[in-house]
Each structure stands twice: as C-alpha cells, then as structure tokens.
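# Understanding the architecture of this molecule
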Amino acid sequence: MLRLAPLAALAIAAPAPAQDAPRYDVAERTRVLAFDPARFFADTPKPAIAIRYVGDDRRVPIYAIAVRRGCRTDPGSVDADLDCGQRLIARMLRAPFPGQPDRPRLRGYRLIGTLEQRRVASDDELRRGLDGAGLEWVEADVRRCPKAMAHLATMGTLRFAAGIDFDRRLPEIILHADSIRLEIGDYLLSHSYEGWLKPGTAGAWADAFAKSLEGCWKPATAPVPWQAPVR
C-alpha cells in the first residue's frame, strides 16, 4: 500500500489559493460603452466616417466622431428639414474640461480619474457615472459647416501608407504619444488608419477634420451612446 509523506498529503488536501478577480478597467469599458462611433446612430452600425482619439499609453478616451450619410430615424434631429439622401450629420462625444486644456489627453485623464474616484466597478455603475460626468454630446450638419466641407473636399488626397518607410535604417521612436483611428467606408470600399498624429498622415487629417467642425456643434437630441441598446 502506498503511503504519502505527511507534507505531501497536506499539499494535496489543501485547497488551491483563490484567484483575484480581474480589476474592472474603467478606461477600456468607457471606450467600449461611450466612445465607440458605431453606437452614435441607432440605425447606422457603420458610419461613413468614424474617428477615435485616445491619449497616452493608457489610451484614455478624448473624443470620438461619427458621420452619417442619408436618412435617419432619430427624433428631433437637426437635419429634419433636409432632403433625404443628401444629409451629412456628424456626432461627437468629448471628455469634458473647464476651458481649453494644454494637452488633449488631460480631458481623458480628468474623465477617467473622476470615474475611478467614484469606485466604478461594473458597466451599470459606469453608465450612471457617465450620466453625471458632463460629457459633451453634440451634433452638426456638416453641409452647413463651410470649414468642414472644405476639409472633406481634400479627402481624395489621403494616402493611408504615408509615413511608412521600409528603407529607413533607424525606426522613428515616438514615446507616450496620443493616437487616433480613422475609418472611412463607402459601398464595397473601406480604408482605415491607426497611429500617432504624424503630419501628412490620415490620422492628422482626421484630427484636422474634427477641428474644422468647431463652431458648428449643437447639443445632440439623440440618446447618449452609453445608454444605446447593445446590437
């Protein structure tokens, strides 16, 4: 009969140590629930233009924009008097900040810091926290915004491989940079860029488009994206 040494027997009988529950990632869940352009229009899961700007290595959300083309069913919209098919409406969600921050990422850090101070630990708690966070939820009629239309006219010049140089001997070293993701879609066509805001790239173009809409934003009447039903 096989006999176990006392220490070996205790090791087998002892329960395995409990694993710590994964920490609720407030920044990641905020990006998913609130700053996803696919949630900005109830009847449009894939906008014509989608932009997401995040800050620093932690990728704190700063702003997101979705541009919708054509008709929509949201009540009380700013484009109710325009002909169907010609509508071009942008919506933006932006982290709040008193005045103008020295660096865009300060918006994101302030928002996430506020939510973490409230000890948000679930999606339901996060939604309630976002309701009281003072986020900017706005929309604009792009066709009535001359600067934005002028910037859109340059879209055909975009080069999505701009900045890539396989002959460069030493890589370009960029530390702790903000980054942006741009997605543009049309019938059977799609283009995307994700990276830092290097001049001459599609990412820099996307941030300039966001800036071209300043002065044209109005409060959005549609439900906030974090309260939108999950598709």
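See above for the structure.
Residues numbered from 1 in each chain as written. Predicted model: local features only at pLDDT ≥ 70, side-chain atom pairs only at ≥ 80, totals over all residues. Heavy atoms only, no water.

## Topic: the overall build of the protein
For clarity, the threshold we go by: The way it works is that DSSP assigns letters per residue, a run of H or I at least four long becomes a helix, a run of E at least two long becomes a strand, and they are numbered from the N terminus. Accessibility here uses a 1.4 Å probe with only protein chains present; expressed as a share of the type maximum, an area under 20% marks a residue as buried, one over 50% as exposed, and anything in between as partly exposed. In what follows, a contact means two residues having at least one pair of non-hydrogen atoms within 4.5 Å. Residue exposure ignores everything except the shown protein chains as possible cover, and the areas themselves are Shrake-Rupley values with a 1.4 Å probe.
Within the protein one finds six helices and seven strands. Starting at the N terminus, the α and β elements of the protein follow one another as α-α-β-β-β-α-α-β-α-β-β-α-β. Considering the protein as a whole, with its 231 residues, one finds that 42% of them fall into the buried category. Looking at the protein alone, contacts between residues at least 24 apart form 70% of all its contacts between residues at least 6 apart. Carbon and sulfur atoms form 57% of the exposed surface of the protein, whose accessible area is close to 13700 Å².

## Focus on unusual backbone geometry
One non-glycine residue, histidine 176, adopts positive backbone phi at about 55 degrees. A residue is classified by how much of its surface remains accessible, and histidine 176, at 47% relative accessible area, is partly exposed. At leucine 188, a position not held by glycine, the phi torsion is positive, near 60 degrees. Of note, leucine 188 is situated in the loop between strand 5 (179-186) and strand 6 (189-196).

## Notes on the nonpolar core
The tendency in soluble globular proteins is for nonpolar side chains to be buried as a group. Spelled out, the test is: Note on terminology: a nonpolar core comprises buried Ala, Val, Leu, Ile, Met, Phe, Trp, Tyr and Cys residues joined through side-chain atoms within 4.5 Å.
Ile51, Tyr63, Ile65, Leu182, Phe209, Leu213 and Trp217 are the most contacted members of the largest nonpolar core, which totals 28 residues. Broken down by secondary-structure element, the contributors of at least two residues to this core are strand 1 (49-55), strand 2 (60-69), strand 3 (88-94), strand 4 (136-141), helix 5 (146-152), strand 5 and helix 6 (202-212). It is helix 6 that contributes the most residues to this core, five residues altogether. In terms of nonpolar packing, the next biggest core, distinct from the first, is built from 25 residues, Phe35, Val60, Leu130 and Leu135 among them.

## Thoughts on the pairing of strand 5
Sheet faces and side chains relate simply in a regular strand, where the side chains alternate between the two faces. Which entries qualify depends on this criterion: A pair of strands counts as paired when DSSP detects no fewer than two bridges linking them.
Counted residue by residue, strand 5 has six buried out of eight residues, so it is predominantly covered. Examined bridge by bridge, strand 1 and strand 5 share six bridges and lie antiparallel to one another. Considered in strand 5, the bridge of isoleucine 49 is made with isoleucine 184. Pairing analysis gives eight bridges linking strand 5 to strand 6, with the strands arranged antiparallel. Bridged to isoleucine 180 within strand 6 is glycine 195. Between strand 5 and strand 6, which pair antiparallel and follow one another directly, the connecting turn spans two residues, one of which, leucine 188, has a positive phi of 60 degrees.

## Remarks on the packing of helix 2 (residues 26-33) against helix 3 (residues 105-117)
Rules: As a rule, the C-alpha atoms of each element are fitted with a line to give its axis, helices using only the stretch in contact, and angles between N-to-C directions run from 0 to 180 degrees. In these notes the angle categories are as follows: under 35 degrees is roughly parallel, over 145 is roughly antiparallel, 65 to 115 is roughly perpendicular, and the rest is oblique. Handedness of a crossing follows from how the near helix is turned relative to the far one, being left-handed for an anticlockwise turn of less than a right angle and right-handed for a clockwise one. All residues other than Ala, Val, Leu, Ile, Met, Phe, Trp, Tyr, Cys, Pro, Asp, Glu, Lys and Arg, Gly among them, are scored as polar; the first ten of these are nonpolar and the last four charged.
For the pair helix 2 and helix 3, interaxial distance at closest approach is 10 Å and the crossing angle is 115 degrees. The angle between helix 2 and helix 3 falls in the class roughly perpendicular. Helix-helix and strand crossings are classified by hand; for helix 2 and helix 3 the assignment is right-handed. Only Leu111, Ile112, Leu115 and Glu116 of helix 3 make contact with helix 2, whose side of the interface consists of Val26, Ala27 and Thr30. A breakdown of the residues in the contact of helix 2 with helix 3 according to their chemical character gives five nonpolar, one polar and one charged.

## Examining the pairing of strand 3
Judged by how many residues are buried, strand 3 sits mostly within the fold: seven of seven residues are covered. Here strand 3 shows two buried faces, one formed by Leu88, Ala90, Met92 and Arg94 and the other by Ile89, Arg91 and Leu93. Note that strand 2 and strand 3 share seven bridges and pair antiparallel. Across the sheet, the residue bridging to valine 67 is alanine 90, located in strand 3. Of the pairings in the sheet, the one linking strand 3 to strand 4 comprises six bridges and is antiparallel in character. Looking at strand 4, one finds that methionine 92 is bridged to valine 138.

## Topic: the sheet that holds strand 5
Within the open sheet, the seven strands sit side by side as 6-5-1-2-3-4-7. Their pairing is antiparallel. At either end of the open sheet lies a strand with only one pairing partner, and these are strand 6 and strand 7 (218-219). Contacting strand 1, strand 2, strand 3 and strand 4, helix 3 runs over the sheet at an angle of about 110 degrees to strand 2.

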